[in-house]
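Listed below are the residues making up each chain.
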Amino acid sequence: MNENPFANKNSIIKRRENPRGKYAQLGTEDLLDAVKKSANSSHRYDLDILLEIFLNRYNEKQTSLDQLNQSLEERIAQQIKQTQDAQKRYEQQAKMAAMGEMMDAVAHQWKQPLNALSMMSDMLRDDYENGLITQEYINELTDDAQVQIQHMVTTLSEFRNFFRPSQTKENFGIKRSLQSVMVLVKDEFLHNNIQIDIQSDKEILLYGNENEFKHLVLNIINNAKDAFNDNDIKERHIIINFYQKDGYNYFTIEDSAGGVPNKIINDIFKPEVTSKAEGKGTGIGLYMSTQIAQKMGGTLSVKNINNGACFSLKIPL
């Protein structure tokens, strides 16, 4: 075969380095620098390759980010549902615990009038046998029986209203709400030798769900009652006060039951935290109380004072 007479035997054919493979190895910052340099270069082909690599890399990052956002949204939605489910469980547990305590309260409230009615029945039979029955006697006995029956009816009515579900928010008086709570717990607290002193005479209106506010009061005073019994306190006083000051409504309940243990006082409003012995408390009552306070636009706090605990509800006017 004849050799090409025009060929330069010493020449070497140079091939241009593959820019795509080279540029694909660059980091993001270096890639951007290469784009800036190629923008002023005559090698338009290189700029197209760089932009293509950059856009592909951007799309990959965006896809990854979209997937991450979707995953986070799903996790957040799942967490919200778990929180809502837990809140419903706490509310149900608190309701059942309050209902059990209120049933005990109703039993105490009915015990005295039932005993009185039973005694009246025995007296009526004995007096009839002894010929002591007169119209005046019948009238007096009937009036006394009606007083006892009315006391039972009032207690039952308050009990039904207390647990009647309602989402209605309206203005209500603190003093009137306290009187309703006292109707339900008065005899039980007397039985436990606990004196409740409501110091405020002037009515103050709050806005919110009145039954929830009653639950808040009941949770706190029942905790005080349990603390009196658990700590074997002799002098048992609960002082309730409410007033307005510096643009706020204040409602306080102070007891002499020994105070909240220092090791849990900062966590006392968290769910399932309790100072009671195992099996005697769920730790739900005060958690629900602080949730009620927040619904009313206020805050619930506690501090130890005068050998007892003082719970304070603070709501803007």
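Report follows, based on the coordinates.

Reading guide: rules and limits
Residues numbered from 1 in each chain as written. Predicted model: local features only at pLDDT ≥ 70, side-chain atom pairs only at ≥ 80, totals over all residues. Heavy atoms only, no water. Core = buried A, V, L, I, M, F, W, Y, C linked by side-chain atoms within 4.5 Å. Buried < 20%, exposed > 50% of the residue type's maximum accessible area, 1.4 Å probe, protein only. Helix = DSSP H or I, 4+ residues; strand = E, 2+ residues; numbered from the N terminus. Contact = heavy atoms within 4.5 Å. Polar contact = N/O pair within 3.5 Å; in protein donor to acceptor, adjacent residues only side chain to side chain. Phe/Tyr/Trp six-rings, centres within 6.5 Å; stacked < 30°, edge-to-face > 60°. Lys NZ or Arg CZ within 6 Å of the ring centre and 35° of its normal.

Let us now look at the nonpolar core. Counting residues in each nonpolar core, the largest one holds 43 residues, and the members touching the most others are Phe 213, Ile 221, Ile 238 and Phe 251. Going through the elements one at a time, α5 (174-191), α6 (210-230), β4 (237-245), β5 (248-255), α7 (285-295), β6 (299-305) and β7 (308-316) are the ones with two or more residues in this core. Of all the elements, α6 adds the most residues to this core, at eight residues. Sequence-distant contacts of Phe 213, defined by excluding residues within four places in its chain, comprise Phe 172, Ile 174, Ser 177, Leu 206, Phe 251, Ile 292, Met 296 and Leu 313.

Before going further, it helps to examine the side chain of Asn 209. Within the element layout of this structure, Asn 209 appears in the loop between β3 (205-208) and α6. Reaching out from Asn 209, the side chain makes a polar contact with the backbone nitrogen of Asn 211 at a distance of 3.1 Å.

Under the counting rule described, the total for this entry stands at five aromatic pairs. Their ring planes at 65 degrees and their centres at 5.2 Å tell us that Phe 213 and Phe 251 sit as a pair that is edge-to-face. One end of the pair, Phe 213, is in helix α6; the other, Phe 251, is in strand β5, and 38 residues separate them in sequence. This pair shows no difference in class: Phe 213 is buried, exactly as Phe 251 is. Pairing Tyr 248 with Tyr 250 gives two aromatic rings, centres 6.2 Å apart and planes at 55 degrees, and the pair type is tilted. Judged by its relative accessible area of 17%, Tyr 250 is buried. Grouped by ring-pair contacts, the aromatic residues Phe 172, Phe 213 and Phe 251 constitute a single cluster. The ring of Tyr 248 carries Lys 314 above its face, with NZ or CZ at 4.3 Å from the centroid.

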